[in-house]
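# Chains, contacts and geometry: an overview
Spelled out, the chains give:
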Amino acid sequence: MGFLSFLNKIFRTIKSVDNSVKSGFRFTQSEIAEIMSVSKKENLKYFETLSKMPNLKSFDICFLLSRIDLNDEKIEIIKEAQNIYNEQEFQENGQTKSDFIFRVAVNLGYLNLDNIQLFKELVKCKKEIYDFKEALENPMAFMAINKAKEPVYAFERIYTD
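To start, this report covers the structure provided alongside it. (Residues numbered from 1 in each chain as written. Predicted model: local features only at pLDDT ≥ 70, side-chain atom pairs only at ≥ 80, totals over all residues. Heavy atoms only, no water.)

## What to know about helix α5 (residues 72-84)
The cut-off we apply is this: Strands here are runs of E lasting at least two residues and helices are runs of H or I lasting at least four, both read from the DSSP assignment and numbered beginning at the N terminus. Residue count minus one, scaled by 1.5 Å, sets the expected span of a helix. Only protein chains enter the area calculation, which uses a 1.4 Å probe; residues under 20% of their type maximum are buried, those over 50% are exposed, and those in between are partly exposed. In what follows, residue pairs with any heavy atoms lying within 4.5 Å of each other are defined as contacts.
With 13 residues, α5 extends 19 Å from end C-alpha to end C-alpha; this agrees with the ideal 18 Å at 1.5 Å per step. Within α5 the residues assigned to the buried category are I75, I77, I78, A81, Q82 and I84. At its buried positions, α5 is contacted by α3 (47-51), α4 (58-67), α7 (97-106) and α8 (116-125).

## Things to note about the pattern of salt bridges
Where charged atoms from two side chains of opposite charge approach closely, those side chains can pair. Quick note on the threshold: Salt bridge criterion: a side-chain nitrogen from Lys or Arg within 4 Å of a carboxyl oxygen from Asp or Glu.
By the definition in use, this model includes 6 salt bridges. Note that K40 and D69 form a salt bridge whose closest N and O atoms lie 2.6 Å from each other. Linking K40 in the loop between α2 (29-38) and α3 with D69 in the loop between α4 and α5, this pair joins segments that are 29 residues apart in sequence. Judged by relative accessible area, D69 falls into the partly exposed class, the value being 46%. Of the charged contacts in the structure, one is a salt bridge between K120 and E89, with a shortest N-O distance of 3.2 Å. Taken together, the residues span a long stretch of sequence, with K120 in helix α8 and E89 in helix α6 (residues 87-91) at a distance of 31 residues. Relative accessible area serves as the criterion here: at 8%, K120 is assigned to the buried category.

## Things to note about the side chain of K120
Where we set the bar: Here a polar contact is taken to be a pair of N or O atoms separated by no more than 3.5 Å, where protein atoms must pair a possible hydrogen donor with a possible acceptor and residues adjacent in sequence count only if both atoms sit in side chains.
Here the side chain of K120 touches I84 through a polar contact of 3.1 Å, landing on its backbone oxygen. When residues no more than four places from it in sequence are discounted, the contact partners of K120 are I84, N86, E89, F90 and F100.

## Side note on the environment of E87
Tracing the backbone through its elements, the reader meets E87 in helix α6. Of the residues examined, E87 reaches a relative accessible area of 36% and is grouped as partly exposed. Taking the C-alpha atoms as reference points, E87 and K97, separated by 10 residues in sequence, lie 7.2 Å from one another.

## Digging into the packing of aromatic side chains
Selection rule: Aromatic pairs are defined between Phe, Tyr and Trp rings, using the six-membered ring for Trp, whenever the two ring centres lie within 6.5 Å; interplanar angles under 30 degrees are classed as stacked, those over 60 as edge-to-face, and all others as tilted.
Enumeration according to the criterion identifies 5 aromatic pairs in this entry. Relative to F90, the ring of Y85 lies with its centre 4.9 Å away and its plane at 20 degrees, an arrangement referred to as stacked. Neither residue differs from the other here; Y85 and F90 are each classed as buried. Considering the side-chain rings of F90 and F100, the 5.0 Å spacing of their centres and the 50 degrees angle between planes classify their relative orientation as tilted. Residue F90 is located in helix α6, and its partner F100 is located in helix α7; the two are separated by 10 residues in the primary sequence. Neither F90 nor F100 differs from the other in exposure class; each is buried. One aromatic cluster in this structure is built from Y85, F90, F100 and F119.

In structure tokens form, the structure reads like this:
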């Protein structure tokens, strides 16, 4: 496929999606065009679903559509993740919505609707970790390791003269 035909196909796709978008949309036309230009072709069908999620910014949607292989199950996990996000809980640790969504996206292969609450707690505790594969596969071992790292003191009492 030549470069011009590729661009022509992209513009047709953008125009068809643009025509189907309802007025009053929360993203500008330039944001929509940017999202469409970088999205994987097979993920375009999830654009409308993701755009209706109130906690997702255009940056988050752009990342999800361009970097992740989405399916219906993953979309449900993303919906649940953005629903359980509590801004107050995460901002105490210096984390943002986009940071949480990025971590969800990185770990989508290991997440399901049953362990999303556990994942939320792990993310709140471990803000420097992005790949939670080991923790999600064996959460009890991970929690036991973390408890073992609690500080212990060599002396219980100190006597002075």
